[in-house]
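Examination of the molecular architecture
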Amino acid sequence: MIVQYDPALLKKVKNLDVKIRNSFFEKIKIFEKNHQDAVLNNHTLKREYRGYRSINITNDYRAIYEEIKVDDDTIAYFILLGTHDQLYS
């Protein structure tokens, strides 16, 4: 799976605490190797995020992405990052 990022998400990542930023990139590396790795808790979302998926970055931080099919490839386009409360409240 090809990983791409929304520019606004990358800007947010740069402004995060270094521990969270490092965790984000560690989880993305795991995602690139196996997007269904249990440590990611990769799952579909409902309601306003219907059609999107989420992975765990830390105990509280989540990254939301959309799977986009382009020819024979699948792109994981990461659009949002935040705490559980920031994203789902």
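Before any of the text, the structure's been laid out above.
Now for a look at the structure at hand. The shown structure was predicted, so the numbers you read here are calculated from the model rather than taken from an experiment.

Here we come to the overall build of the protein. A tally of helices and strands in the protein yields three helices and five strands. For 89 residues, the compact-globule estimate of 2.2 N^0.38 gives 12 Å, and the protein sits close to it at 12 Å. The principal-axis extent of the C-alpha atoms belonging to the protein is close to 35 × 30 × 25 Å. Buried positions account for 36% of the 89 residues belonging to the protein. Considering only intrachain contacts with a sequence separation of at least 6, the fraction spanning at least 24 residues in the protein is 41%. With 14 positive and 13 negative side-chain charges, the protein shows a spacing of 5 Å between the two charge centroids.

Close contact between helix α1 (residues 7-14) and helix α2 (residues 18-33) brings their axes to 9 Å; oriented N to C, the two are set at 135°. Considered as vectors, α1 and α2 are oriented oblique to each other. Between α1, through Leu9, Val13 and Lys14, and α2, the contact on the second element is made entirely by Arg21, Phe24 and Phe25. A breakdown of the residues in the contact of α1 with α2 according to their chemical character gives four nonpolar, no polar and two charged.

So, about the side chain of Ser54. The residue Ser54 is located in strand β3 (residues 53-56) in this model. Judged by its relative accessible area of 0%, Ser54 is buried. Side-chain polar atoms of Ser54 contact the side chain of Tyr88, separated by 3.3 Å. The contacts of Ser54, once residues within four sequence positions are left out, are Asn41, Asn42, His43, Leu45, Arg62, Ala63, Ile64, Tyr65 and Tyr88.

On to the side chain of Arg53. Mapped onto the fold, Arg53 is located in strand β3. One buried charged residue, Arg53, remains without a salt bridge, the closest side chain of opposite sign being Glu67 at 4.0 Å. A distance of 2.9 Å separates the side chain of Arg53 from the side chain of Asn42, its partner in a polar contact.

Here is a general trend for soluble globular proteins: nonpolar side chains tend to be buried in one another's company. By size, the foremost hydrophobic cluster in this structure holds 17 residues, and its most contacted members are Phe24, Phe31, Ile55, Ile57, Ala63, Phe78 and Leu81. Of all elements in the fold, only α1, α2, β4 (61-70) and β5 (73-83) reach the threshold of two or more residues within this core. Broken down by element, the residue count for this core peaks at four residues, all from α2.

Rules of the game
- Residues numbered from 1 in each chain as written.
- Predicted model: local features only at pLDDT ≥ 70, side-chain atom pairs only at ≥ 80, totals over all residues.
- Heavy atoms only, no water.
- Helix = DSSP H or I, 4+ residues; strand = E, 2+ residues; numbered from the N terminus.
- Rg over C-alpha atoms; globule rule 2.2 N^0.38 Å.
- Buried < 20%, exposed > 50% of the residue type's maximum accessible area, 1.4 Å probe, protein only.
- Contact = heavy atoms within 4.5 Å.
- Lys, Arg positive; Asp, Glu negative; His and termini not counted.
- Charge placed at Lys NZ, Arg CZ, Asp CG, Glu CD.
- Axes fitted to C-alpha atoms, helices over the stretch in contact; angles between N-to-C directions.
- Parallel < 35°, antiparallel > 145°, perpendicular 65-115°, else oblique.
- Nonpolar A, V, L, I, M, F, W, Y, C, P; charged D, E, K, R; others polar.
- Polar contact = N/O pair within 3.5 Å; in protein donor to acceptor, adjacent residues only side chain to side chain.
- Salt bridge = Lys/Arg side-chain N within 4 Å of Asp/Glu carboxyl O.
- Core = buried A, V, L, I, M, F, W, Y, C linked by side-chain atoms within 4.5 Å.

Honestly, it's all geometry; don't read function into it.
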